[in-house]
Amino acid sequence: MIEHDPRCRQQYWTARAHFSVSNTTTGEILSEIAIRNCDVVLGKTQEVASRNLKLLDEFMAENRNALGWIPPQGGMTAFPWLVSGEDARPFCQGAADRGVLLAPGDCFDAPSHFRLGFAAAGDNFSQALDRFGSFVRSWSPKVVTA
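Residues numbered from 1 in each chain as written. Predicted model: local features only at pLDDT ≥ 70, side-chain atom pairs only at ≥ 80, totals over all residues. Heavy atoms only, no water.

Regarding its fold elements, the protein chain presents 5 helices and 5 strands. Element order for the protein chain, N to C, with α for helix and β for strand: α-α-α-β-β-β-α-β-β-α. Compactness check: the protein chain gives a C-alpha radius of gyration of 21 Å against a globular reference of 15 Å for 146 residues, more than 25% above the reference. The dimensions of the protein chain, computed from C-alpha atoms along their principal axes, are 55 × 45 × 25 Å. Across the protein chain, every contact between residues at least 6 apart in sequence was considered, and the portion connecting residues at least 24 apart equals 58%. Counting every atom, the protein chain has about 10200 Å² of accessible surface; 56% of that belongs to carbon and sulfur. Counting 14 positive and 16 negative side-chain charges, the protein chain places the averaged centre of each group 2 Å from the other. (Helix = DSSP H or I, 4+ residues; strand = E, 2+ residues; numbered from the N terminus. Rg over C-alpha atoms; globule rule 2.2 N^0.38 Å. Contact = heavy atoms within 4.5 Å. Areas by Shrake-Rupley, 256 points an atom, 1.4 Å probe, with all protein chains shown as cover. Lys, Arg positive; Asp, Glu negative; His and termini not counted. Charge placed at Lys NZ, Arg CZ, Asp CG, Glu CD.)

Spelled out as structure tokens, the structure:
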């Protein structure tokens, strides 16, 4: 929201807070239906995430000389790190230049890490891992010394 008048801005903020405190009746009903049918609602997503996690596990094993990780126990993101200990931001930029989007760890106060999502459907994830693998093999780490 853009509002230059501080008084109006406060009134808008107060109104927004008032109307967004609780869900609508329709939203509540739809949420209840979704929870009752969570196996159907989440089934495809869970199937895709589980399949992709297996692919990611194989990928990480193949690239363990450059990348470390602890497989996630839930969710659809992983938080690997560069074994060299270097800042992952240039690494993430290089990956982005090749069409692989990663979030650098300095956004999470963990500079050598990066966030990687694995919920892509279809063949997109395996194709992305192929591109990412080519990039990882071409990456020249800058070894960090204390």
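Resuming the write-up.
Tallied over the entire structure, the rule returns 2 salt bridges. Salt-bridge contacts for D106 lead to R89; the nearest nitrogen and oxygen are separated by 2.8 Å. Pair noted here: D106 is in the loop between β4 (103-104) and β5 (114-117) and R89 is in helix α4 (residues 89-97), with a separation of 17 residues, a long-range link. (Salt bridge = Lys/Arg side-chain N within 4 Å of Asp/Glu carboxyl O.)

Next up on the list: the side chain of S112. Considering the arrangement of structural elements, one finds S112 in the loop between β4 and β5. Once residues within four sequence positions are removed from consideration, S112 is found in contact with P80, W81, L82, G85, E86 and A88.

For soluble globular proteins, nonpolar side chains are generally found buried alongside one another. In this structure, L56, F59, L67, F91, L102, F114 and F132 are the most contacted members of the largest nonpolar core, which totals 23 residues. Residue assignment for this core shows that the elements contributing at least two residues are α3 (38-62), α4, β5 and α5 (124-138). Ranked by residue count, the leading element in this core is α5, at 5 residues. (Core = buried A, V, L, I, M, F, W, Y, C linked by side-chain atoms within 4.5 Å. Buried < 20%, exposed > 50% of the residue type's maximum accessible area, 1.4 Å probe, protein only.)

Further remarks concern the packing of aromatic side chains. This structure, assessed with the given rule, holds 8 aromatic pairs. Consider the rings of F91 and W139, whose centres lie 5.3 Å apart with planes at 90°: the pair is edge-to-face. Taken as a pair, F91 in helix α4 and W139 in the segment after α5 lie far apart in primary sequence, 48 residues in all. Exposure class is identical for F91 and W139. Each is buried. Here F135 and W139 contribute two aromatic rings whose centre-to-centre distance is 5.5 Å and whose plane-to-plane angle is 50°, an arrangement assigned as tilted. Taken together, the ring pairs connect F59, F91, F114, F132, F135 and W139 into an aromatic cluster. (Phe/Tyr/Trp six-rings, centres within 6.5 Å; stacked < 30°, edge-to-face > 60°.)

Read across the sheet, 3 strands follow the order β2-β5-β4 without closing on themselves; strand pairing throughout is antiparallel. The open sheet has two free edges, formed respectively by β2 (77-78) and β4, since each of these has just one partner strand. (Pairing = 2+ DSSP bridges.)

Looking now at a nonpolar patch on the surface. Judged by side-chain polarity, I29, L30 and I33 come together as a nonpolar surface patch covering roughly 280 Å² of accessible area. If you trace the backbone, L30 turns up in helix α2 (residues 25-36). Overall, the relative accessible area of 52% leaves L30 in the exposed class. (Patch = residues over 30% accessible without salt bridge, like charges linked within 9 Å, V, L, I, M, F, W, Y side chains within 5 Å.)

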